[in-house]
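Here's the letter readout for the chains.
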Amino acid sequence: MSLIQWAHFPPLGDDRGSLVALEAEKTVPFEIKRVYYIFGTQQGVARGFHAHHNLKQVAVCVTGKCRMILDDGKNREEAWLDSPTKGLLIGDLIWREMHDFSEDCVLLVLASEHYDEADYIRDYEEFIRLVK
Ligand code: T46
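Everything numeric here is computed off the predicted structure, so don't read it as measured data.

A. Structural detail: the confidence of the model for the protein. Averaged over all residues, the pLDDT of the protein is 97; the fraction at 70 or higher stands at 100%. The ipTM for the predicted assembly is 0.98, set against a pTM of 0.97.

Here is the structure:
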């Protein structure tokens, strides 16, 4: 199965424009405990470079775009987040990197757990040891 799995967010549009509703355990397949967003990323800067022990997330570029790399220790795949109507699902024990942020990029992330620095695996060698 591909590492790239999308959640689709149908736009509720009318002649005034568009609206997307994100609902826990419906359009987003888990209970949402935390929301954060990344914006103003400097040109040429990459982010991420870690995995999580126990965290499910959906990442969606509500404006602009960036390129996400996902790596499960066996396969490495990438996808452009470039639409406010599609969210990338990121499960446990997946190494992620975000590259090529457009200047206007706002990356919204919905997370299944509260912030916990102890949940991060920031060393790639350690990640590989854990997933073997
Ligand atoms: C992820 C990718 C997609 C907090 O205090 N609370 C939070 O909820 C978050 C997400 C971060 N922080 C602090 C921790 C650092 O001092 O904000 C700072 C920047 O976080 P970090 O360097 O982890 O940011 P990214 O962009 O490398 O990674 C983030 C998430 O941390 C991570 O879980 O999957 O976005």
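B. Inspection of the nonpolar core at higher detail. The biggest cluster of nonpolar side chains holds 18 residues, and the ones touching the most others in it are Met 68, Leu 70, Leu 81 and Leu 107. Every element with two or more residues in this core is listed here: strand E4 (57-63), strand E5 (66-71), strand E6 (76-81), strand E7 (86-90) and strand E9 (106-111). At three residues, the largest contribution of residues to this core is made by E5. Residues contacting Leu 81, with those up to four places away along its chain left out, are Trp 6, Ala 59, Val 60, Cys 61, Gly 64, Lys 65, Cys 66, Met 68, Leu 88 and Leu 107. Ala 7, Phe 9, Val 28 and Val 60 belong to the second-largest nonpolar core, a separate cluster that totals eight residues.

C. How the structure looks around the sheet that holds E6. Spatially, E6-E5-E8-E3-E10 is the arrangement adopted by the five strands of the open sheet, whose pairing is antiparallel. The strands lining the two open edges of the sheet, one partner per strand, are E6 and strand E10 (120-121).

D. Structural detail: the site of the ligand. Around the ligand, the structure places 13 residues, and the nearest of them are Arg 34, Arg 47, Gln 57, Arg 96 and Tyr 120. Within the side chain of Gln 57, an N or O atom sits 2.7 Å from an oxygen atom of the ligand. Take Tyr 120: an N or O atom from its side chain is 2.5 Å from an oxygen atom of the ligand. Taken by itself the ligand offers 650 Å² of open surface, and the protein chains cover 68% of this. Those elements that provide at least two residues to the shell around the ligand are strand E2 (34-39), strand E3 (47-52) and strand E8 (95-99). The element best represented in the shell around the ligand is E3, accounting for four residues. Taken together, the residues of the shell around the ligand sort by class into five nonpolar, four polar and four charged.

What counts and how
For every chain, the first residue of its written sequence is number 1, and the numbers climb from 1 along that sequence. Where totals are concerned, whole chains, interfaces and linings use all residues; where local detail is concerned, this predicted model gives features only for residues with pLDDT of at least 70, and gives and counts side-chain atom pairs only at 80 or more. Side-chain metrics rest on all non-hydrogen atoms present in the structure, leaving aside hydrogens and water. Across the chain, each position has a pLDDT score giving the predictor's confidence in that residue, from 0 to 100. We define a nonpolar core as any set of buried Ala, Val, Leu, Ile, Met, Phe, Trp, Tyr and Cys residues linked to one another through side-chain atoms lying within 4.5 Å. When a residue's accessible area, from a 1.4 Å probe over protein chains only, is under 20% of the maximum for its type it is buried; when over 50% it is exposed; and in between it is partly exposed. Numbering of helices and strands runs from the N terminus, with a helix taken as a DSSP run of H or I at least four residues long and a strand as a DSSP run of E at least two residues long. Only heavy atoms matter for contacts: two residues are in contact if any of them lie within 4.5 Å across the pair. A pair of strands is considered paired only if DSSP assigns at least 2 bridges between the two. Summary of the distance rule: residues count as near a molecule or strand when at least one heavy atom falls within 4 Å of that molecule or strand. Contacts described as polar in this section are N or O atom pairs within 3.5 Å, which, within protein, must combine one atom able to donate a hydrogen with one able to accept it, while residues neighboring in sequence count only if both atoms come from side chains. All accessibility values rest on the Shrake-Rupley procedure with a 1.4 Å probe; residue burial counts only the protein chains present in the view. Only Asp, Glu, Lys and Arg are considered charged, only Ala, Val, Leu, Ile, Met, Phe, Trp, Tyr, Cys and Pro nonpolar, and every remaining residue, Gly among them, polar.

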